Amino acid sequence: MSRRKLLTAIRTVVVGFTLVVFLFPVYWTVTMAFKPASEWQPSGKTYWVPQNPTVGNFKRLFGANPTGSDVLISTPIDATGSIVNSLIVSIGGTLLALLVGTATAYGISRYRAGGKILPFAILQLRMFPPIAVIIPILFLWTYLHMYDSRKGLILIYAAVTFPFVVWLMRSFFDEIPREIGEAAIVDGCSNLGAFRKAILPLVKSGLATTALFVFILNWSDFLIALVLAGNRVVTAPVFLSQITSAATGEEYGTRAALGLILIVPPVLLSILIQKHLVRGLTFGAIKR
Amino acid sequence: MARIEIERVTKRFGKLDAVIDLDLEIEHGTFTALLGPSGCGKTTTMNMLSGLLAPTAGEIRFDGRRVNEDEPGRRNVGFVFQNYAIFTHMSAFDNIALGLRIKKLSKAEVAAEVQRVARMLEIEDLLERRAAGLSVNDMQKVAIGRSMITNPDIFLLDEPFSNLDAAFRAYMRAELKRLQRELGQTMVYVTHDQIEAMSMAERIAIMNEGRLQQYGSPDEVYNRPANRFVAQFVGSTVMNFLPVEIERWGDSLGLRIPIDDAAPIVLAGESGAVRAMGGNGGGGPFTLGIRPEHIRVVGAEAAGDLRGTVTLVEPLGARNVVHLRAGERGFRIVVPPTTRPRIGDDVGVELDRSRIHVFDDATGLALR
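Parameters at a glance
- Residues numbered from 1 in each chain as written.
- Chains lettered and ligands numbered in written order.
- Predicted model: local features only at pLDDT ≥ 70, side-chain atom pairs only at ≥ 80, totals over all residues.
- Axes fitted to C-alpha atoms, helices over the stretch in contact; angles between N-to-C directions.
- Helix = DSSP H or I, 4+ residues; strand = E, 2+ residues; numbered from the N terminus.
- Parallel < 35°, antiparallel > 145°, perpendicular 65-115°, else oblique.
- Contact = placed C-beta atoms within 7 Å.
- Nonpolar A, V, L, I, M, F, W, Y, C, P; charged D, E, K, R; others polar.
- Pairing = 2+ DSSP bridges.
- Expected span 1.5 Å × (residues − 1).
- Buried ≥ 20, exposed ≤ 12 C-beta atoms within 10 Å, placed from the backbone.
- Arc of directions from axis to C-beta.
- pLDDT = per-residue confidence, 0-100.
- Left-handed = near helix turned anticlockwise from the far one by under 90°.
- Right-handed = clockwise from strand over helix to strand, strands pointing away.

### Remarks on the packing of helix α9 (residues 204–219) of chain A against helix α12 (residues 252–272) of chain A
Residue and element names in this part refer to chain A.
Part 1 of the argument: At a closest axis distance of 10 Å, the pairing of α9 and α12 adopts a crossing angle of 175 degrees. Considering the angle they form, α9 stands roughly antiparallel to α12. Every residue of α12 that contacts α9 at L212, F215, I216 and W219 is listed here: P265, P266, L269 and S270.
Part 2 of the argument: Residues belonging to the contact of α9 with α12 are distributed by class as follows: seven nonpolar, one polar and no charged.

### What to know about the sheet that holds strand β10 (residues 211–216) of chain B
Residues and elements named next belong to chain B.
Part 1 of the argument: The six strands are arranged β6-β7-β8-β3-β9-β10 in an open sheet whose pairing can be described as mixed. Of all the strands in the sheet, the pair left with one neighbour each is β6 (77–80) and β10. Recorded for the sheet is a direction-independent mean angle of 15 degrees between the axes of neighbouring strands.
Part 2 of the argument: Note that strand β7 (residues 154–158) and strand β8 (residues 186–191) share five bridges and pair parallel. Residue L156 lies in a different strand from β8, and its bridge partner there is V188.

### A short note on helix α3 (residues 107–121) of chain B
Residue and element names in this part refer to chain B.
Part 1 of the argument: Compared with the 21 Å implied by 1.5 Å per residue over 15 residues, the 21 Å span of α3 between its first and last C-alpha is a close match.
Part 2 of the argument: Among the residues of α3, V110, V114, V117 and A118 are the ones counted as buried. Angular distribution of buried residues about the axis of α3 spans 100 degrees; they occupy a single face of the element. Residues of α3 that are exposed and point more than 90 degrees away from the buried face comprise A108, E109, R116 and R119.
Part 3 of the argument: Elements that come into contact with the buried residues of α3 comprise α2 (92–102) and α4 (136–148).
Part 4 of the argument: A positive backbone phi angle near 60 degrees is found at E122, which sits one or two residues after α3.

### Topic: helix α1 (residues 42–50) of chain B
Residue and element names in this part refer to chain B.
Part 1 of the argument: For α1, the buried fraction is high: nine of the nine residues fall into the buried class.
Part 2 of the argument: All of the buried residues along α1 are K42, T43, T44, T45, M46, N47, M48, L49 and S50.
Part 3 of the argument: Two residues or fewer past α1, G51 is found with a positive phi of approximately 100 degrees.

### Focus on the confidence of the model for chain A
Residues and elements named next belong to chain A.
Part 1 of the argument: The predicted model of chain A averages 87 in pLDDT, with 91% of residues at 70 or higher.
Part 2 of the argument: Looking across chain A, the model is least confident in helix α13 (residues 274–279), with a mean pLDDT of 69, and most confident in helix α3 (residues 80–111), with 95.
Part 3 of the argument: Below pLDDT 50 for its whole length, residues 280–288 participates in 21 contacts with residues either more than four positions away or in separate chains.

### Structural notes on the environment of V230(B)
Part 1 of the argument: Structurally, V230(B) can be placed in helix α8 (residues 228–233).
Part 2 of the argument: For the pair V230(B) and T88(B), spaced 142 residues apart in the sequence, the C-alpha separation amounts to 39 Å.

### Some points on the interface of chain A and chain B
Part 1 of the argument: Taken together, the contact pairs 17 residues of chain A with 20 residues of chain B.
Part 2 of the argument: When residues of the side of chain A that touches chain B are assigned to their parent elements, the largest contribution, six residues, is made by helix α7 (residues 178–186) of chain A.
Part 3 of the argument: Here the residues of the side of chain A that touches chain B sort into eleven nonpolar, two polar and four charged.

### Concerning the packing of α3(A) against α9(A)
Residues and elements named next belong to chain A.
Part 1 of the argument: Following both chains from N to C, one finds α3 and α9 inclined at 135 degrees, their axes separated by 9 Å at the closest point. In terms of orientation, α3 and α9 fall into the oblique class. Judged by the twist between their axes, the crossing of α3 over α9 is right-handed. Judged by residue contacts, S86, V89, S90, G93, T94, A97, L98 and T102 of α3 engage L207, T210, A211, V214, F215, N218 and W219 from α9.
Part 2 of the argument: The class makeup of the residues in the contact of α3 with α9 is eight nonpolar, seven polar and no charged.

### Things to note about the sheet that holds strand β17 (residues 320–326) of chain B
What holds strands together in a sheet is hydrogen bonding between their backbones, with the strands either parallel or antiparallel.
Residues and elements named next belong to chain B.
Part 1 of the argument: A sheet is described by the order of its strands in space; here five strands give the open sequence β15-β19-β16-β17-β18, paired in antiparallel fashion. The open sheet terminates on both sides in strands that have one partner only, identified here as β15 (295–297) and β18 (329–335). In this sheet, neighbouring strand axes are inclined to one another by 45 degrees on average, regardless of whether the strands run parallel or antiparallel.
Part 2 of the argument: Two strands pair when backbone bridges link them, and β17 and β18 are joined in this way by seven bridges, in the antiparallel orientation. Note on β18: the bridge partner recorded for V322 is I333.

### Some remarks on the pairing of strand β1 (residues 4–13) of chain B
Residues and elements named next belong to chain B.
Part 1 of the argument: By the bridge criterion, five bridges tie β1 to strand β4 (residues 57–62) in an arrangement that is antiparallel. Paired with T10 across the two strands is A57, which belongs to β4.
Part 2 of the argument: The pairing of β1 with strand β2 (residues 16–26) spans seven bridges and is classified as antiparallel. Residue pairing in the sheet places I6 in a bridge with L24 of β2.
Part 3 of the argument: Hairpin connection of β1 to β2: two residues between the antiparallel strands, including G14 at a positive phi of 60 degrees.

### What about the pairing of β8(B)?
All names here are of chain B.
Part 1 of the argument: A large share of β8 lies buried, amounting to six of its six residues.
Part 2 of the argument: The side-chain alternation of β8 yields two buried faces, one formed by T186, V188 and V190 and the other by M187, Y189 and T191.
Part 3 of the argument: For strand β3 (residues 31–35) and β8, the ladder comprises five bridges, and the chain directions are parallel. Residue pairing for β8: T32 is matched across the bridge by V188.
Part 4 of the argument: Where the polypeptide runs from β7 across helix α5 (residues 166–183) and back to β8, its parallel neighbour, the crossover connection is right-handed.

### Comments concerning the environment of M46(B)
Residue and element names in this part refer to chain B.
Part 1 of the argument: Tracing the chain through its elements places M46 in helix α1.
Part 2 of the argument: Taking C-alpha positions, M46 is 7.4 Å from D158, a pair spaced 112 residues apart along the chain.
Part 3 of the argument: The contact partners of M46, leaving out residues within four places of it in the chain, are L34, L156, D158, V188 and V190.

Quick look at the structure:
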């Protein structure tokens, strides 16, 4: 075997192995979602594919009483509220972070606002996991009457993702020549008008990419939502973790079903803004 | 219609003095070039005229009216940037129309005006195209169109042609001259290319390190450079500079170039340098400046002012540039294409007496 073929073979094996490692949990979730309770964790047996596929898990998620052979579970549950909560706090947090972060990034990029320190001061917010300071924040949020509220979660999500927005958007703004904004100003635009008419359309792709990134972070958060909310305001990931029943213990099938549903928004969003993601950033204003 | 007055304008960025004590008056309807190497303050000056930057000190007046505090959009200036700053997400039409839309003109008026400008620039068939898809040359025209659309009193062009290819640059130079004549507006043109400035401008302001070096017609800055910097910066083949000792010879001055067998060059009494020297023959040290095109090769039998050995010949078609070495010193001469000495030849040259400049080394100023 030639050296070249050997390399190709090694590469194939490595890629294949990586794919299996990463895709297996997805496969397991998808199949689990359609397994009846009897196939969730049978003793001494593994069902690689559902033997008796069912949509009972999905039905149960939305309040249906389990029937048939799956009558192991008694209390009905409903995930609708938690999904709505998740949508509201994730989207709210994303919009807030984008609004504040983009403005900050523009100030830093164009006017060097805050000098050299500010961008790094913002970045250092990400130098430790947010969970490290969650207990003080819990006290703060309680004091501010934001514990267990949607607005509290929106605010903390915006704060946590703000550095990402600033750093991502800043690099996009840096790409845009200063003259673009100046040209609009000489033509009679106000500073804000120049930003809106001339600059913002050029960072559309960047903004879309950043929005998706931030949304996924917020959408998949578990720990913050668990600590700062969880009684009145339950987000989908927190709800998912609590699906248990006396009869079966952990309800793997129902959880997998909810997991599958939770994958939908990010995937849908990615497809919607695919054009921007794929195109990346093509700034054609300047022929260098 | 606008006359620009810049009075004692200084612009400081932190510790950096970008423009220092600039005084400049630009008459209505003239084509003026701001010429200088990069970092000389010409773009800063331009941005102060457009209102993108505010002067640290001094006053800028348009037609006698102070504009220091006026917003860029209210100064009625058109600005063409070096990199065009075309809005690539819009069509060419929308790019040009922007200024009018901000002024809230009706749709029909906007369309008519854009058509008018497009006709002048011969870009009517490009209007519907997305600006991102235009060639650099067309982008440049769109940028000029955008600056023209509001009928500005003053056009400011910041190195607009430096990204273009040579052929189109030459074409656009002529086009711009034509446009300027047709519009009859005041045009200020920033460039670091002295050929561009010489060929287009009626007046040239040469700047260096934030200071105005000379302000005059192309003819003046070429023939009567105020100082050594201007002398060196203007001219397609760089001026020769040779150290010189000055002696008084009755009514005239004797310039002795301290190279082995160089004969003293006698400047007659009417020469500017002689007048500037007045009675004293001393001072200095001084430098003699002479353009390569003002040095003539003498016949084999004549001694000439200087003799040198040919080290390089650059044939440029219309003329040859010959590099010579005399003792420690190198200098260049421009000769007709028929004269083509070989490397190593010993050549005698004569300096055109009326074209000799003398610079005071201490101040850099020309004696005249």
